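# An overview of the molecular structure
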Amino acid sequence: WRPAVLTTASGVRVGFLAVADHCGCLRMGRWVAGRDQPGLAWANLSAGHLERLLAAVSALDRSVDLVVVSVHSGPNWLPEGPPAWQRSLAAALVAAGADVVWSHSAHHVLPLESIRGRTVIYGPGDLVDDYRRDPEYRNELGMVGRVQLGVGGHAAGGGKGLAHED
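Here is a short report on the structure shown in this document. Quick caveat, the model's predicted, so the values are computed rather than measured. (Residues numbered from 1 in each chain as written. Predicted model: local features only at pLDDT ≥ 70, side-chain atom pairs only at ≥ 80, totals over all residues. Heavy atoms only, no water.)

## Notes on the overall build of the protein
From N to C terminus, the protein includes three helices and eight strands. When the helices and strands of the protein are read in sequence order from the N terminus, they spell out β-β-α-α-β-α-β-β-β-β-β. Split into buried and exposed, the 166 residues of the protein put 39% on the buried side. Once local pairs closer than 6 in sequence are excluded, the contacts in the protein between residues at least 24 apart make up 54%. Total accessible area on the protein is roughly 9,300 Å²; 55% of this is exposed by carbon and sulfur atoms. (Helix = DSSP H or I, 4+ residues; strand = E, 2+ residues; numbered from the N terminus. Buried < 20%, exposed > 50% of the residue type's maximum accessible area, 1.4 Å probe, protein only. Contact = heavy atoms within 4.5 Å. Areas by Shrake-Rupley, 256 points an atom, 1.4 Å probe, with all protein chains shown as cover.)

## Observations concerning helix 3 (residues 84-96)
One turn of the α-helix equals 3.6 residues, which is why residues spaced by three or four share an orientation. Look at helix 3: 18 Å from first C-alpha to last across 13 residues, which is about the 18 Å you get at 1.5 Å a residue. Regarding helix 3, the residues found buried are Q86, L89, A90, L93, V94 and A96. An end-on view of helix 3 places all buried positions within 165° of arc, on one side of the element. Of the exposed residues in helix 3, those oriented more than 90 degrees away from the buried face are A84 and A95. (Expected span 1.5 Å × (residues − 1). Arc of directions from axis to C-beta.)

## Examining helix 2 (residues 49-63)
Its 15 residues give helix 2 an end-to-end C-alpha distance of 21 Å, which sits within 8% of 21 Å, the value for a rise of 1.5 Å per residue. Those residues of helix 2 not exposed but buried are L53, V57 and L60. Taken around the axis of helix 2, the buried residues stretch over an arc of 65°, which confines them to a single face. Opposite its buried face, helix 2 presents the exposed residues E51 and R62, each directed more than 90 degrees away. Those residues of helix 2 that are buried lie in contact with strand 1 (4-7), strand 2 (13-20), strand 3 (66-72) and helix 3.

## Observations concerning the nonpolar core
If you look at the biggest cluster of nonpolar residues, it comprises 25 residues, and the most contacted ones within it are L53, V57, V69, V71, L93, V101 and V120. Mapped by element, the contributors of at least two residues to this core are strand 2, helix 2, strand 3 and helix 3. Element by element, the count of residues in this core is highest for helix 3, at five residues. Setting aside residues up to four positions removed in sequence, V120 forms contacts with A90, V94, V101, P111, L112, E113 and I115. (Core = buried A, V, L, I, M, F, W, Y, C linked by side-chain atoms within 4.5 Å.)

Here it is in structure tokens:
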């Protein structure tokens, strides 16, 4: 749950926080971070960890210029796109201070969205995929993009400043 903070050559401090909500990770205990073990931050978002995650994002937002939150969350194979709860989670993360929300789990490309001028990536697909190819979901495709970050502010909404290219 401890974020990584990097400082760019121009002095911009970017904070990164990553969590996973899949209970399967608990069965694979070697993946979950512990007191003496590096690993992923497991967040049971339906059982109380949501408040902890939002508080962590808010605290990180107060200490850095830009906040990137990576959430391994949501089901695989989403024909309708991200479910309502995942969109609500993204909105809550943005409200807490996230400038970029990067969800990933679906194993196929899902839409991008801008919430209050912040970039939300619901599913970049896989760059390396060990699943069989599905002709409907086209999981052999992955999204590569660039998010330009800056601290100059938004033209609409007055945030910290970022734009995304599709």
